[in-house]
Amino acid sequence: MSAQAPSAVILVRAEKFVPNPATAADNAFQADVPPGQSDAETSAAALAEMDAVAETLREAGVRVHVFADSDHTRPDSVFPNNWLSTHAGGQVAVYPMYASNRRHERRSDVLEMLKSSYRVQTIVDYSGLEPDGIFLEGTGAMVLDHVSRVAYTAVSHRADTHVLERFCTDFGYEPMAFDAVDSAGVPVYHTNVMACIGTDVALFALEMIPDEVRREAVRERLTVNGRRVVELTEEQVREFAGNAVELCGRTPDGRRRYIMVMSARARRSLRADQVAAIEESCEIVAVEIPTIELAGGSVRCMIAGVHLDRRRPGLEPERTPAVEAIDEDPHTPDGRDVAGDD
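Residues numbered from 1 in each chain as written. Predicted model: local features only at pLDDT ≥ 70, side-chain atom pairs only at ≥ 80, totals over all residues. Heavy atoms only, no water.

### Observations regarding the side chain of Gln 236
Here is step 1: Tracing the backbone through its elements, the reader meets Gln 236 in helix 6 (residues 234–238).
Here is step 2: Beyond its immediate chain neighbours, meaning those up to four positions away, Gln 236 contacts Glu 231, Ala 241, Ser 269, Leu 270, Arg 271 and Gln 274. (Helix = DSSP H or I, 4+ residues; strand = E, 2+ residues; numbered from the N terminus. Contact = heavy atoms within 4.5 Å.)

Here it is in structure tokens:
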């Protein structure tokens, strides 16, 4: 498995998807639903797009875990990367969310699946910082270089530098925070709309970092290990060209296949030279998701990568005498007692 490009992902199939009015205030990428389109029509269109993303990833040889969500009170649950991240060595992070109606997107069944299917050593939960007004929305707020161990972060309401420092200390990353704004001076709400880091290539809208010294420091840090930087324009960022993610799939004969997944809208915004630079190291895979993009996020936001070692199916740990002595009742695999016959 690549350190940067996970071979498994988590998607949430949000059956009641609509753009979230609670996040529109600071998300300049959100757009209105077409006039006359009902919530039911919007949800149906989004479901078809979510299913297309899942099928496209499976066809590319990526392992896809899909969780259904029929709760109409969490319209942004299609974006699980904001509350969850996973890391090599068995670490999982759970994050504090800015919008109050997004905080119950966190799901114990997702964490239980990770613990049962992958090797999880530690879950660090930062969500207790929400009452203090301190937020860090996962790999939306941070774009992580898992190879060089750097957390690139555009400072905003959704990316507090104090919790960023805590995350970096806990997980072994170097914080690289910066201010990023559009041409109107509006702060970038999530770093992952302006930046994507792959193994050998990075897509980054460096022009949106107004401080020239900081901009050059970010450029130098990105390229220190030989990674190529494809510079995006603000116009391309508005087409979600930065909201991409590198994954590791498999060809039909089992060989590794590195892909850069993005929306079809993002792919159309790229110049031929940018496409060529990206495809020197990975293949671009694009999916049409215009309805989901109304919510201000694109393909990267939909994907929570799984950077954990997979458990070997059917391999049960040997039960020690001490465990046998205190574990007399039969149990299901999730640890709940099995009711005995009367």
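There is more to say, and it comes next.
### Structural notes on the pattern of salt bridges
Here is step 1: Applying the stated rule across the entire model yields 23 salt bridges.
Here is step 2: The residue Asp 145 makes a salt bridge to Arg 227 at a minimum N-O spacing of 2.9 Å. Placement of the pair is Asp 145 in strand 6 (residues 142–145) and Arg 227 in the loop between helix 5 (212–223) and strand 11 (228–231), with a sequence separation of 82 residues. This pair shows no difference in class: Asp 145 is buried, exactly as Arg 227 is. (Salt bridge = Lys/Arg side-chain N within 4 Å of Asp/Glu carboxyl O. Buried < 20%, exposed > 50% of the residue type's maximum accessible area, 1.4 Å probe, protein only.)

### Notes on the sheet that holds strand 13 (residues 256–263)
Here is step 1: Within the open sheet, the 3 strands sit side by side as 12-13-14. Their pairing is mixed. The outermost strands of the open sheet, each flanked by one partner alone, are strand 12 (245–250) and strand 14 (283–287). On average, adjacent strands in this sheet sit at an angle of 40 degrees to one another, irrespective of strand direction.
Here is step 2: Across 6 bridges, the pairing between strand 12 and strand 13 is antiparallel. Bridge pairing links Arg 250 to Arg 256 in strand 13.
Here is step 3: Sheet strands in contact with helix 1 (residues 39–59) are strand 12, strand 13 and strand 14, and its direction is about 155 degrees off that of strand 14. (Pairing = 2+ DSSP bridges. Axes fitted to C-alpha atoms, helices over the stretch in contact; angles between N-to-C directions.)

### Considering empty space enclosed by the protein
Here is step 1: All chains considered together, the criterion is met by 4 cavities of 30 Å³ or more.
Here is step 2: Empty space within the largest cavity amounts to approximately 270 Å³.
Here is step 3: In terms of lining, the largest cavity is formed by 24 residues, of which the most central are Thr 139, His 146, Val 245, Arg 300 and His 307.
Here is step 4: Secondary-structure elements contributing two or more residues to the lining of the largest cavity are strand 3 (84–87), strand 6, strand 9 (195–197), strand 12 and strand 15 (304–306).
Here is step 5: Counted by class, the lining of the largest cavity contains 13 nonpolar, 9 polar and 2 charged residues. (1 Å grid on protein atoms, 1.4 Å probe; cavity = no way out; pocket = protein on both sides within 12 Å on 5 of 7 lines; lining within 4 Å. Points joined across faces, edges and corners; volume = space filled by probe spheres on them. Nonpolar A, V, L, I, M, F, W, Y, C, P; charged D, E, K, R; others polar.)

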